[in-house]
Amino acid sequence: SAKPKENVLKHRTEEFSLEDPAIETAEEAKEPAEADINELCKDMFSKMATYLTGELTATSEDYKLLENMNKLTSLKYLEMKDIAINISRNLKDLNQKYADLQPYLEQINLIEEQVAALEQAAYKLDAYSKKLGNYHPPLLRRSGIVPCKGI
């Protein structure tokens, strides 16, 4: 029973010869020198620290920018609030002045209506006086007296 195993083993090793181009030879893996690993680790951690510092600085600057923008926005809203308060105060003053002037405005309207009525009465009186100026009563015609036209 030992002979058949040897034959199989011998047969298989003959299949793979070292001269076969499909087979590569392995080289012994060597550990890099420990000093090189330490230097590489230090370099990696240094670069990682630089990267993280940059990221944190950028984030910090973004927050500072947002803080400044919020402060400016707050100041603008305070200015707008003051402007709105002044406008409201001035509007109240104007409304009060208008309310104080309202009786005088009503008197002006009443006077305007009376002037219009008086003007209409003057036109009517003028028209009537013109009719009277052209009127010659029968007594005046017989006596020969002519009324004055300038009166």
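Residues numbered from 1 in each chain as written. Predicted model: local features only at pLDDT ≥ 70, side-chain atom pairs only at ≥ 80, totals over all residues. Heavy atoms only, no water.

Going by an unreviewed UniProt entry, the chain carries the name Biogenesis of lysosomal organelles complex 1 subunit 2 and comes from Cyanistes caeruleus. Its UniProt record, at the heading Sequence similarities (unreviewed entry), says of the chain: "Belongs to the BLOC1S2 family." (UniProt positions renumbered as here; feature names shortened; annotations may be inferred.)

Engineer: How should I be thinking about the overall build of the chain in this particular structure?
Structural biologist: A count of helices and strands for the chain gives three helices and zero strands. When its helices and strands are written in sequence order, the chain yields α-α-α. Counting all 151 residues of the chain, 0% fall into the buried class. Element-wise, carbon and sulfur atoms account for 61% of the exposed surface of the chain, whose accessible area totals about 15,100 Å². (Helix = DSSP H or I, 4+ residues; strand = E, 2+ residues; numbered from the N terminus. Buried < 20%, exposed > 50% of the residue type's maximum accessible area, 1.4 Å probe, protein only. Areas by Shrake-Rupley, 256 points an atom, 1.4 Å probe, with all protein chains shown as cover.)

Engineer: Quick question: what am I supposed to make of the pattern of salt bridges here?
Structural biologist: A full pass over the atoms with the stated rule returns five salt bridges. Glutamate 67 is paired through a salt bridge with lysine 71; the nearest N and O atoms lie 3.6 Å apart. Placement of both glutamate 67 and lysine 71 in helix H2 (residues 34-134) is noted, with a separation of four residues, approximately one turn of the helix. Residue classification places lysine 71 among the partly exposed residues on the basis of a relative accessible area of 49%. One salt bridge in this structure joins lysine 76 and glutamate 79, with 3.9 Å as the shortest N-O distance. In this pair, lysine 76 and glutamate 79 are both assigned in helix H2, three residues apart and thus about one turn of the helix distant. (Salt bridge = Lys/Arg side-chain N within 4 Å of Asp/Glu carboxyl O.)

Engineer: Before we go on, may I ask you to explain the confidence of the model for the chain in this structure?
Structural biologist: For any part of a model where pLDDT is low, the fine detail of the predicted coordinates should not be relied upon. When the pLDDT values of the chain are averaged, the result is 82; 67% of them are 70 or greater. Per-element confidence in the chain ranges from a low mean pLDDT of 51 for helix H1 (residues 2-15) to a high of 94 for H2. (pLDDT = per-residue confidence, 0-100.)

Engineer: Explain a nonpolar patch on the surface to me, please; I cannot follow it from the model alone.
Structural biologist: A cluster of nonpolar side chains, namely Tyr98, Leu101, Tyr104, Leu105 and Ile108, defines an oily patch on the protein surface of about 520 Å² accessible area. Summarising the element assignment, isoleucine 108 is placed in helix H2. What makes isoleucine 108 partly exposed here is its relative accessible area of 49%. (Patch = residues over 30% accessible without salt bridge, like charges linked within 9 Å, V, L, I, M, F, W, Y side chains within 5 Å.)

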